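Structural overview
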Amino acid sequence: MGKERMKKSKGLLWKALEIRELTIIVILLLMIGFLMISTNTFATSANIRVLMQGMSVDMMIAIPMAISLIAGNIDFSVGSALCLSSYIGCMAMGAGAPAWAGILIGLVTGAILGILNAVFICELHITPLIATMGTWMAYQGIALVLAGGNTVSGLPDGFKEFGRMELLGIPVPIIYMLIIIVIGMFVLKYNNFFHQAYFIGCNKDSARLAGINTKKFIYVSYAITGLVAAFAGMTLAARLGSVSQNSGNGLEFRNVVALLIGGVSMDGGEGTLIGTVLGVTIMQIVSNSLVLLNINASYTQIIQGALLVLAVAVDQFNKRRKESAVA
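Residues numbered from 1 in each chain as written. Predicted model: local features only at pLDDT ≥ 70, side-chain atom pairs only at ≥ 80, totals over all residues. Heavy atoms only, no water.

1. Observations regarding a nonpolar patch on the surface
Taken together, the side chains of Phe34, Leu293, Ile295, Tyr299 and Ile302 define a hydrophobic patch exposed on the protein surface, amounting to about 480 Å² of accessible area. Secondary-structure assignment places Phe34 in helix α2 (residues 20-38). (Patch = residues over 30% accessible without salt bridge, like charges linked within 9 Å, V, L, I, M, F, W, Y side chains within 5 Å. Areas by Shrake-Rupley, 256 points an atom, 1.4 Å probe, with all protein chains shown as cover. Salt bridge = Lys/Arg side-chain N within 4 Å of Asp/Glu carboxyl O. Helix = DSSP H or I, 4+ residues; strand = E, 2+ residues; numbered from the N terminus.)

Here you go:
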């Protein structure tokens, strides 16, 4: 009887651990508990406001990134796309374009940058990893050339309101973030086109034979990712009142780590947007904790690198365990 109980309890433990979101929530609660005990400022309304606004840009972009990665298509170009599209949009406003036109130019630019990724993947048959790492460097280079070391400032007041308004006391970047999360969760679960991400990620060839237009999915998903990256970039520029050539630096790596922590597999076919939200939240709390605990900000990259290796290791471990279970 004792051995049977132990086996049952062990089985329940494994089932609990397989629910990645549950494990992440436990880790998140432990982190929050530690910071509440060790600092007097973590749980203050001012810090929570900073935390939420700080994660809004990463979170907005993480949602379409997650849907693409579930389909097996990674995107490392989002940070550079954010920078380039917001820079072009703000340059247009600096040249005299009204706020709405500058925003529109930025969004169209972002969508085009995303479509270019899809062209390289679908038409030139370059793997998503190599294609988007190439465009990451190319978009960043173009932004550096356009910027010439200068920051675009003196933006119209109407544009600044786009990122600084508040609704019921809530900053609009947080509201934009919540809207994108809700839309992402809805379409991934209830829209047949986006729900196909799971089938494509499991086996592209089988999905194609089943009548799924995988090329169309790649074009649409990358275009949306570029569009949302541009929207996040324009929101950030409006909030700060300027845009520089350093906008979006490191965002792609933070988000890839967050997606892996959240349970989205590098191989595709697995993951949820709830896990994505939790993963981005953990990454933001890690950055926030370094400030609150007066730890050198240089350790951020060390921690992110360690988390990336750990997340990939866990992803591969789960993959091997499932393969052995099937065998």
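2. Describing the environment of Leu307
Within the element layout of this structure, Leu307 appears in helix α14 (residues 299-326). It is 18 Å that separates the C-alpha atoms of Leu307 and Leu69, two residues lying 238 residues apart in sequence.

3. A short note on the nonpolar core
Membership of the largest hydrophobic core comes to 77 residues, with the highest contact counts inside it found for Met60, Ile61, Ile67, Cys90, Phe159 and Phe162. If you tally residues by element for this core, the top one is helix α3 (residues 45-70), at 13 residues. (Core = buried A, V, L, I, M, F, W, Y, C linked by side-chain atoms within 4.5 Å. Buried < 20%, exposed > 50% of the residue type's maximum accessible area, 1.4 Å probe, protein only.)

4. Focus: the side chain of Ser247
Along the chain, the position of Ser247 falls in the loop between α11 (214-240) and α12 (251-261). On the basis of relative accessibility, which here comes to 14%, the residue Ser247 falls in the buried class. The residues touching Ser247, leaving out its near neighbours within four places in the chain, are Gly79, Leu82 and Cys83. (Contact = heavy atoms within 4.5 Å.)

5. Focus: helix α9 (residues 192-202)
If you check which residues of α9 are buried, you get Phe194, Gln196, Ala197, Tyr198, Ile200 and Gly201. Buried-residue contacts for α9 involve α3, α8 (172-190), α10 (204-209) and α11. At the N-terminal end of α9, a side-chain oxygen is found 3.0 Å from the backbone nitrogen of Phe193, two or three residues along, and the residue is Asn191. (Polar contact = N/O pair within 3.5 Å; in protein donor to acceptor, adjacent residues only side chain to side chain.)

6. Points about empty space enclosed by the protein
A full pass over the atoms with the stated rule returns 3 cavities of 30 Å³ or more. Considering only enclosed or pocket space, the largest cavity measures out at about 50 Å³ in volume. Contributing to the lining of the largest cavity are Gly79, Ser80, Cys83, Trp136, Gln140, Gln245, Ser247, Gly248, Asn249, Gly250 and Glu252. Elements with a contribution of two residues or more to the lining of the largest cavity: α4 (78-94) and α6 (128-147). When residues in the lining of the largest cavity are grouped by element, the largest group, 3 residues, is from α4. Residue composition of the lining of the largest cavity, grouped by class: 2 nonpolar, 8 polar and 1 charged. Considered as a void within the structure, the second largest cavity measures approximately 40 Å³ in volume. Looking at the second largest cavity, the residues that line it are Asp75, Ser77, Val78, Ala81, Gly110, Leu113, Gly114, Asn117, Tyr222, Thr225, Gly226 and Ala229. Elements supplying a minimum of two residues to the lining of the second largest cavity: α4, α5 (99-122) and α11. Grouping the constituent residues of the lining of the second largest cavity by class yields 5 nonpolar, 6 polar and 1 charged. (1 Å grid on protein atoms, 1.4 Å probe; cavity = no way out; pocket = protein on both sides within 12 Å on 5 of 7 lines; lining within 4 Å. Points joined across faces, edges and corners; volume = space filled by probe spheres on them. Nonpolar A, V, L, I, M, F, W, Y, C, P; charged D, E, K, R; others polar.)

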